[in-house]
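Fold and contact review
Residue strings, one per chain:
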Amino acid sequence: MPLIEAKNVSKHYYKRKGFFGKKELIKAVDNVSFSIEKGTTLGLVGETGCGKTTLAKCLLRLINPTSGAILFKGKDLSKMKSEELDDYHRSVQIVFQNPFTSLNPRMTIRNIISEPIITHKKINKTELETELVRLLKVVGLNETHLSRYPHELSGGQNQRVAIARAIALNPELIILDEPTSALDVSVQATILNLLNELQKQFNLSYIFISHDLGVVRFISDYIIVMYSGKFVEMGPSEDILGQPLHPYTKMLLLALPLPDPKKKIELIQHQMKALEDWRGGCVFLQKCPYGMELCKKEEPEMVEVREKHFVACYYTIKGDRR
Amino acid sequence: MNKLTLSKETKITLKLIKRDKLAMLSLLIITFFIIVSIFAPFIVPYPSQGEGLPVPEKRFLPPSFENPFGTDYLGRDVLSRVIFGARISLFVGIFVVCVAIIIGVPLGLIAGYFGGKVDDVLMRITDVFLSFPSLLFAIALVATLGPGLFNAMISLSITWWPWYARLARAQAVTIKEQPYILASQVIGVKGLTIVFRHLLPNALTPIIVQGTMDMSSAILAEAGLSFIGLGAQAPSPEWGLMVSTGRIYLLNYWWFPVFPGLAIFLVALAFNLFGDSLRDVLDPKSRKAGGQM
């Protein structure tokens with residue numbers, strides 16, 4: 001049984017244009033399905049604004065999906081009782097992108113890491129203290145950091161604290177929301193190594209969200225490529241990186257990271273516009289170099305082209321590949 | 001290791017306040033009034049007169065070495081009474097602001113954090129309170145409760161908490177989107193615990209600034225209520241009451257109303273200035289302009 005299974009999950013928002021304007025439907029996440037096995041890493045790749053974080057929030061139960069079901073060990077999240085939900089909160093954790101905003105600036109490292117423990121367990125002071133020291137050792141810090149504040153530590157150290165908080169309850173799945181993109185390149189590598197080690201040590205599953213295929217390549221067993229709220233390609237890492245099928249994946253592999261924030265805003269606006277203007281057909285059509293008549297009429301479905309390698313693109317499936 | 005570590009914020013704040021001359025001056029005035037009011041019975045020349053004992057043979061003496069601020073219509077030393085009055089005014093200021101914060105801030109944070117119906121209900125209640133002019137509302141309340149210092153303080157607190165609820169709600173709405181709040185939600189921490197553990201400490205800065213500024217308004221409002229006879233009652237050495245009883249003698253015996261008036265002015269000004277510079281110091285934008293740290 002997969003650890004987590006998402007079935008046709010959608011999250012739709014309404015956006016009103018002007019005061020008297022019509023309500024418009026924005027499909028932030030549209031009809032996506034996937035599953036993740038214990039001990040594996042799922043890479044979720046896509047541009048800013050494609051719905052990666054919305055999907056993560058659905059998985060974390062921070063927002064409820066508009067439709068579809070998320071199953072945790074076969075049980076539907078929306079039908080869980082409060083004790084089961086408690087168990088779920090213990091089993092699924094998150095590490096955010098920016099360690100400076102994901103740690104409360106007014107709390108010491110001790111209080112930050114204690115929070116998950118004291119929320120879920122009754123524990124006395126000495127036990128808590130030994131547990132805290134153990135956790136810090138696991139992530140490569142030591143007890144001298146306990147009484148410090150987040151602003152007294154470096155970005156990498158803070159990210160280690162965030163990881164310590166995430167693993168404090170022995171979770172089974174950690175969602176990593178671009179955990180390295182706010183860090184220096186040299187620090188990125190050490191954090192990725194730490195995550196790899198922790199995965200082996202505790203048999204963790206990861207969902208690694210990123211826009212950087214280079215980082216995802218390093219850590220993922222399985223990759224999903226997302227565009228405008230939809231999955232366009234999904235498959236084992238080697239397949240996706242070695243033999244990408246969808247035109248968008250190919251573009252991503254060719255593209256370099258965008259250091260220019262203006263470009264980033266353009267991209268978001270472009271995707272937003274693509275979402276608003278969408279009148280059926282393939283969402284990627286406007287940018288796609290291979291657009292066909294069929295792509296305008298119908299929305300491509302995910303089709304398994306190779307073993308476990310799915311793609312949603314008529315050109316790839318039907319078009320001639322020259 | 002266990003040394004007292006002030007947060008970086010606090011250190012910078014202290015540094016900037018030390019650099020701001022006006023802030024230091026106002027802080028000095030406030031501290032002076034606080035110390036004087038704590039030790040009032042030991043430092044005033046005539047403690048019993050300060051509390052209201054009349055001395056008929058010494059009526060309306062002008063300021064002299066014996067009575068630096070002169071004496072009033074019952075022969076009491078004005079200096080002693082002004083110093084005793086500081087106790088009342090400072091207490092009123094602190095009490096009113098604290099009660100308003102204790103009622104308003106939790107409600108505002110809860111409204112902002114939970115949103116939806118909770119927010120609607122709480123904010124409509126504050127709207128009802130805010131739709132009356134606050135001093136008028138306070139006057140109506142005192143009139144119902146009966147005149148007196150304590151009732152005046154209660155009514156001022158009741159009219160003021162909605163301002164803090166509004167302020168706290170605005171803070172909560174911005175802070176609740178912070179990743180550290182999301183992280184706590186993911187851990188499964190209950191809503192109210194998040195409000196008090198994470199929101200409150202991070203929302204406090206503008207509330208403290210507002211509180212400091214309101215200290216002066218509270219003192220003024222209380223003096224105002226006493227002036228029109230709804231606050232402190234004779235023989236209390238309340239400043240507003242002293243100005244009120246002294247105003248008919250202003251032309252002949254100016255020292256009787258002028259010194260308590262001056263005291264009100266000084267304390268109100270000091271709190272206002274201090275609040276002002278506290279706001280400047282705690283605002284990151286103006287901090288940049290203040291030079292590098």
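Presented here is a report on the structure given in the accompanying data block. Since the structure is predicted, the reported quantities are computational estimates derived from the model, not experimental observations.

Cut-offs applied
- Residues numbered from 1 in each chain as written.
- Chains lettered and ligands numbered in written order.
- Predicted model: local features only at pLDDT ≥ 70, side-chain atom pairs only at ≥ 80, totals over all residues.
- Heavy atoms only, no water.
- Helix = DSSP H or I, 4+ residues; strand = E, 2+ residues; numbered from the N terminus.
- Buried < 20%, exposed > 50% of the residue type's maximum accessible area, 1.4 Å probe, protein only.
- Contact = heavy atoms within 4.5 Å.
- Areas by Shrake-Rupley, 256 points an atom, 1.4 Å probe, with all protein chains shown as cover.
- Lys, Arg positive; Asp, Glu negative; His and termini not counted.
- Charge placed at Lys NZ, Arg CZ, Asp CG, Glu CD.
- Phe/Tyr/Trp six-rings, centres within 6.5 Å; stacked < 30°, edge-to-face > 60°.
- Buried area = accessible area lost by both parts, 1.4 Å probe.
- Salt bridge = Lys/Arg side-chain N within 4 Å of Asp/Glu carboxyl O.
- Polar contact = N/O pair within 3.5 Å; in protein donor to acceptor, adjacent residues only side chain to side chain.
- Axes fitted to C-alpha atoms, helices over the stretch in contact; angles between N-to-C directions.
- Parallel < 35°, antiparallel > 145°, perpendicular 65-115°, else oblique.
- Left-handed = near helix turned anticlockwise from the far one by under 90°.
- Nonpolar A, V, L, I, M, F, W, Y, C, P; charged D, E, K, R; others polar.
- Arc of directions from axis to C-beta.
- Patch = residues over 30% accessible without salt bridge, like charges linked within 9 Å, V, L, I, M, F, W, Y side chains within 5 Å.

1. Structural notes on the overall build of chain B
A count of helices and strands for chain B gives 13 helices and zero strands. Helices and strands appear in chain B in the N-to-C order α-α-α-α-α-α-α-α-α-α-α-α-α. Overall size of chain B, expressed as C-alpha extent along the three principal axes, is 75 × 50 × 35 Å. Looking at chain B residue by residue over its 293 residues, the buried ones come to 48%. When contacts within chain B are restricted to residue pairs at least 6 apart in sequence, long-range pairs at least 24 apart make up 70% of them. Counting every atom, chain B has about 14400 Å² of accessible surface; 70% of that belongs to carbon and sulfur. Each charge class in chain B was averaged separately, 24 positive and 17 negative side chains, and the resulting centres sit 10 Å apart.

2. Structural notes on the packing of aromatic side chains
Aromatic ring pairs are defined here through the distance separating the ring centres and the angle between the ring planes. Using the criterion set out here, one finds 23 aromatic pairs over all chains in the structure. On the numbers, 6.0 Å between centres and 50° between planes, the contact of Phe34(A) with Phe231(A) is tilted. Separated by 197 residues along the polypeptide, Phe34(A) in strand 2 (residues 23–36) and Phe231(A) in strand 10 (residues 230–236) bring together distant segments of the chain. Assessed through its relative accessible area of 7%, Phe34(A) is described here as buried. Residue classification places Phe231(A) among the buried residues on the basis of a relative accessible area of 8%. Between Tyr253(B) and Trp255(B) the ring centres are 5.9 Å apart and the planes differ by 65°, which places this aromatic pair in the edge-to-face class. Tyr253(B) gets classed as partly exposed once you look at its relative accessible area, which sits at 26%.

3. Some points on the interface of chain A and chain B
Contacts between chain A and chain B engage 26 residues on the former and 22 residues on the latter. Summed over both partners, the interface of chain A with chain B buries about 2100 Å², with 59% contributed by carbon and sulfur atoms. Run the count over chain A and chain B and you get one salt bridge. Residue Glu115(A) pairs with Arg197(B) through a salt bridge whose shortest N-O separation is 2.7 Å. Scanning the region where chain A abuts chain B turns up eight residue pairs in polar contact (both at pLDDT 80 or more).

4. A closer look at the side chain of Lys52(A)
All names here are of chain A. Following the sequence through the fold, Lys 52 ends up in helix 1 (residues 52–59). Overall, the relative accessible area of 4% leaves Lys 52 in the buried class. When sequence neighbours within four positions are dropped, the list of residues in contact with Lys 52 reads Leu 44, Val 45, Gly 46, Glu 47, Glu 178, Ile 209, Ser 210, His 211 and Met 226.

5. As for the packing of helix 8 (residues 149–175) of chain B against helix 10 (residues 191–227) of chain B
All names here are of chain B. Contact geometry of helix 8 with helix 10 gives a least axis separation of 10 Å together with a crossing angle of 155°. With respect to their mutual orientation, helix 8 and helix 10 come out roughly antiparallel. Note on packing geometry: the crossing formed by helix 8 with helix 10 is right-handed. Taken together, the residues of the contact of helix 8 with helix 10 sort by class into 16 nonpolar, five polar and two charged.

6. Observations concerning helix 2 (residues 82–91) of chain A
Of the residues making up helix 2 of chain A, those classed as buried are Leu85(A), Tyr88(A), His89(A) and Ser91(A). Each buried residue of helix 2 of chain A lies within a common arc of 165° when the element is viewed along its axis, so the set occupies one face.

7. Details of a nonpolar patch on the surface
Residues and elements named next belong to chain B. A contiguous nonpolar surface patch, about 610 Å² in accessible area, is contributed by Ile 34, Ile 35, Ile 38, Phe 39, Phe 42 and Ile 43. At the level of elements, helix 2 (21–38) and helix 3 (40–43) are the ones that each hand at least two residues to the nonpolar patch. The element contributing the most residues to the nonpolar patch is helix 2, with three residues. Residue placement: Ile 35 occurs in helix 2.

Distances and angles like these do not, on their own, reveal function.
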